[in-house]
Amino acid sequence: MKNKLEEIIRRGVHQGLFTVADLSVTYQSTSQSSFKEHFNFGVNGLSSLYQPKVFDIASITKMIVTLLVYRLLTRGEHPEFSLDAPVKKFVPDLSGSFVDELTICHLLTFHTKFNRFITPEEMLQESIADPQSRVLVKMLDQIKSVGLEDKPGLKHNYANVHTILLGLVLENAFGKSLEELIKMHITSPLGLADTTTDPISKAHRCVRAAHGLRLGQVSDPVARLALGQHKRLLGSAGLFSSSKDLVHILDIVMLGEQHPSCPISAEFIELLHTPLLPTSNFGHGFGQWSVFRDNLEMINPTLPPDGIFKSGYSGCMCMCSREFGVAFALTTNFLHKQRTTEEMKHDRRLLNYLYAQIAECVFTS
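Starting afresh in each chain, residues are numbered from 1 along the sequence in its written order. Only residues with pLDDT of at least 70 are given local features in this predicted model, and only at 80 or more are side-chain atom pairs given and counted; all residues enter the totals for whole chains, interfaces and linings. Hydrogens and water molecules were not included; the side-chain quantities draw on all heavy atoms of the structure.

Participant: Would you mind going over the overall build of the protein with me for this structure?
Facilitator: Each helix and strand counted, the protein has twelve helices and nine strands in total. Expressed as a percentage of the 365 residues in the protein, the buried residues total 57%. Counting only contacts in the protein whose residues sit at least 6 apart along the sequence, the fraction spanning at least 24 positions is 67%. A total of about 16,000 Å² of accessible surface is found on the protein, and carbon and sulfur atoms cover 50% of it. The way it works is that DSSP assigns letters per residue, a run of H or I at least four long becomes a helix, a run of E at least two long becomes a strand, and they are numbered from the N terminus. Partly exposed residues are those whose accessible area sits between 20% and 50% of the maximum for their type, while under 20% is buried and over 50% is exposed, using a 1.4 Å probe and protein chains only. The criterion used for residue contact is that any of the two residues' heavy atoms lie within 4.5 Å. Residue exposure ignores everything except the shown protein chains as possible cover, and the areas themselves are Shrake-Rupley values with a 1.4 Å probe.

Now the structure itself:
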């Protein structure tokens, strides 16, 4: 497996997608028996003498926020906090004709029209024209002009603002910052030593981001703008982690209450593995691997076992199959260099193809 993985990752480097990458794999046969491998890829190729490095995990932050929601629901400490709870209960200033219908479940499952009200390019242009602009305030203010899909539960619209608003709900409901809640309920109890919003404190283990970004600065330009509004963490971005930490989380997602450190009830773990509909890519916070793989234009693959996955703007990716007890986490410094929209789409297709090749290698080894 190692030689094949090195060949795949080296191809990604030669294509200019990233310069370094880490990969962690776990094979879980029972709750007491597992086999893990961790690899670093650098100038000398793929090494199994693993030294954890901290990467910007971009939208995989959403995965951890979803787990935080289920952890808080499992604890049941807030009697009014539930999947069916109206968002307006926790964000009373939110207005709009649809707001009374909007629930926490809608945010978790991306069942609104929030991808239609503003584009990242528009937000960046506004901020360039007005450096003091309050990006998050503008984003939340525009929510009032959109609504739920005509048939909520039958259609999803993936957009960062769902999880940004979910983060605000959590902060208002529990009276702590999102960063504090994740530390208290996820990273500390699970021993995720590399998962942080402050990678500068671990600078000797970080990978410097490409193209002039400061050490520990998030890659996504819109997230950088929003995080600049005196926030450390958005629901949609802001966390840094290692492949080792991420694959530990996937172990728990696969095993649920069978895992000795699982903080989430079996009921909520089951939701992570259940698509809302057979044809729906998104369940509660995750994608469905078979739908992602089917949508790849470059190959006509034999489908691997289905499972759940999440990828991120910085080139990171997590995938696991509970049926086969296999999971992997890839972290990279995907190079967001200056290029046209078509070039960006081309590079993203190459990265998705690389994800599929790694999954095939891991599942067939």
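Now that the structure has been shown, the text picks up again.
Participant: Help me understand empty space enclosed by the protein, please; the structure alone is not making it clear to me.
Facilitator: Of the two site types, the cavity is a set of points on a 1 Å grid over the protein atoms alone where a 1.4 Å probe fits but cannot get out, and the pocket is an open set with protein on both sides within 12 Å along at least five of seven lines, each lined by residues with an atom within 4 Å of a point. Grid points are joined across faces, edges and corners, and a volume is the space filled by probe spheres set on the points. Counting across every chain of the model gives four cavities of 30 Å³ or more. By volume, the largest cavity amounts to about 50 Å³. Lining the largest cavity we find Glu179, Ile182, Lys183, Thr187, Thr195, Thr196, Thr197, Leu233 and Leu239. Residues are sorted three ways: Asp, Glu, Lys and Arg are charged, Ala, Val, Leu, Ile, Met, Phe, Trp, Tyr, Cys and Pro are nonpolar, and all the rest, Gly among them, are polar. When the residues that make up the lining of the largest cavity are grouped by side-chain class, the tally is three nonpolar, four polar and two charged.

Participant: Looking at this structure, how should I read the packing of helix H5 (residues 135-142) against helix H6 (residues 160-174)?
Facilitator: How two helices sit against one another is set out by the angle between their axes and by the gap between those axes. Viewed as axis vectors pointing N to C, H5 and H6 meet at an angle of 105 degrees, and their least axial separation amounts to 11 Å. The angle between the axes of H5 and H6 places the two elements in the roughly perpendicular class. In this structure, H5 uses Leu136, Met139 and Leu140 to contact H6, whose residues at the interface are Val161, Ile164, Leu165 and Leu168. Looking at the contact of H5 with H6 residue by residue, the classes come out as seven nonpolar, no polar and no charged. Lines fitted to the C-alpha atoms define the axes, with helices restricted to the stretch that makes contact. Angles between their N-to-C directions range from 0 to 180 degrees. Roughly parallel refers to an angle under 35 degrees, roughly antiparallel to one over 145, roughly perpendicular to one between 65 and 115, and oblique to any angle outside these ranges.

Function cannot be inferred from these measures alone, as they are strictly geometric.
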